[in-house]
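An overview of the molecular structure
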Amino acid sequence: MGKIEINKKAKMTSLLDAAYKLFTTQGVNKTSISEISKESGIAKGTFYLYFKDKYDIRNKLISHESSKLFTAAKTELLLYQKDHDISFEDQIIFIADHIINALNENQSLLTFISKNLSWGIFKQALTSNINDNDINFKHVFESMINESKQPIHDPEVMIFMIIELVSSTIYSSILYKEPVDLEHLKPHLYNAIRGIIQSHMCTSC
């Protein structure tokens, strides 16, 4: 990688870090591009070389932060699988549990993602990589399905329903312990996830 490319990546990282800090402390709506530029130490004009507007950088941040969560969960799953043979269902539960625990420990990230996540943004995150270390969710899920040797119909719908279920239930449970705290919620949540997966297993394919 040349010096120019390294410099570009450093500027993008600075802008992403500044935006994340401001978005998680004062919210997206109350944050301006001028503030992001000032916080990053990068000229406002340079911002537009990397992002269209603050919503573009918000979407890319969600993609990047989601990828980091998923990468860490997938890494732990691979380590676990060295000594354990687990089903496709259990793999999804393992990944969900790891991500939920990480969001419980980083509640500012939970708030940022939950308030700004939509299926359109998450679908973009499935296939777009902001950082060289980001992974393609779609490829990983497809690989997991193929390795399970269990035909799944409408896998995108299945993923959508799981994401919506998890994001809509853990937010109140983690932040407000409503209707119950996280540890009491988990068994119910994971049973519901299993139900979604089973409903998408194609037994006659």
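Residues numbered from 1 in each chain as written. Predicted model: local features only at pLDDT ≥ 70, side-chain atom pairs only at ≥ 80, totals over all residues. Heavy atoms only, no water.

**Focus: a nonpolar patch on the surface**
Using the following cut-off: Residues with no salt bridge and a relative accessible area higher than 30% make up the patches, which join like charges within 9 Å and nonpolar side chains (Val, Leu, Ile, Met, Phe, Trp, Tyr) within 5 Å. All accessibility values rest on the Shrake-Rupley procedure with a 1.4 Å probe; residue burial counts only the protein chains present in the view. For this document, the term salt bridge refers to a Lys or Arg side-chain nitrogen within 4 Å of an Asp or Glu carboxyl oxygen. Helix and strand assignments come from DSSP, with helices taken as H or I runs of at least 4 residues and strands as E runs of at least 2, each series counted from the N terminus. Only protein chains enter the accessibility calculation, which uses a 1.4 Å probe; a residue whose area is less than 20% of its type maximum is buried, one above 50% is exposed, and one in between is partly exposed.
Taken together, V157, F160 and M161 make up a surface patch of nonpolar side chains, about 220 Å² in accessible area. Take F160: it is sitting in helix α9 (residues 155–176). Residue classification places F160 among the partly exposed residues on the basis of a relative accessible area of 32%.

**A look at the layout of surface pockets**
As a reminder of what qualifies: A cavity, in this analysis, means grid points on a 1 Å lattice covering only the protein atoms where a 1.4 Å probe fits yet has no way out; a pocket is instead an open set bounded by protein on both sides within 12 Å along at least five of seven lines, and a residue lines either one if it has an atom within 4 Å of a point. Grid points are joined across faces, edges and corners, and a volume is the space filled by probe spheres set on the points. Ten residue types, Ala, Val, Leu, Ile, Met, Phe, Trp, Tyr, Cys and Pro, are classed as nonpolar, four, Asp, Glu, Lys and Arg, as charged, and the remainder, Gly among them, as polar.
Space inside the second largest pocket adds up to approximately 200 Å³. Forming the boundary of the second largest pocket are 12 residues, of which F23, G27, V28, T111 and K115 lie nearest the centre. Secondary-structure elements contributing two or more residues to the lining of the second largest pocket are α1 (3–26) and α6 (107–116). Considering every element that reaches the lining of the second largest pocket, the biggest residue donor is α6, with 5 residues. Residues belonging to the lining of the second largest pocket are distributed by class as follows: 3 nonpolar, 8 polar and 1 charged.

**Describing the packing of helix α4 (residues 54–81) against helix α5 (residues 88–105)**
Applicable threshold: Where helices are involved, their axes are fitted lines through C-alpha atoms of the stretch in contact, as for all axes, and angles between N-to-C directions lie from 0 to 180°. To sort the angles, those under 35 degrees are grouped as roughly parallel, those over 145 as roughly antiparallel, those from 65 to 115 as roughly perpendicular, and the leftovers as oblique. In this scheme the handedness of a crossing depends on how the near helix is turned from the far one: anticlockwise by less than a right angle means left-handed, clockwise means right-handed. Should any heavy atoms of two residues lie within 4.5 Å, those residues are counted as being in contact.
In the contact formed by α4 and α5, the axes pass within 9 Å of each other and the chain directions differ by 130°. As judged from the angle between their axes, α4 and α5 are oblique. The interaxial crossing formed by α4 with α5 has right-handed handedness. Contact with α4, carried on its side by L69, F70, A72, A73, E76, L77, Y80 and Q81, involves Q91, F94, I95, H98, I99, A102 and L103 of α5 and no other residues of that element. The residue makeup of the contact of α4 with α5, split by class, is 11 nonpolar, 3 polar and 1 charged.

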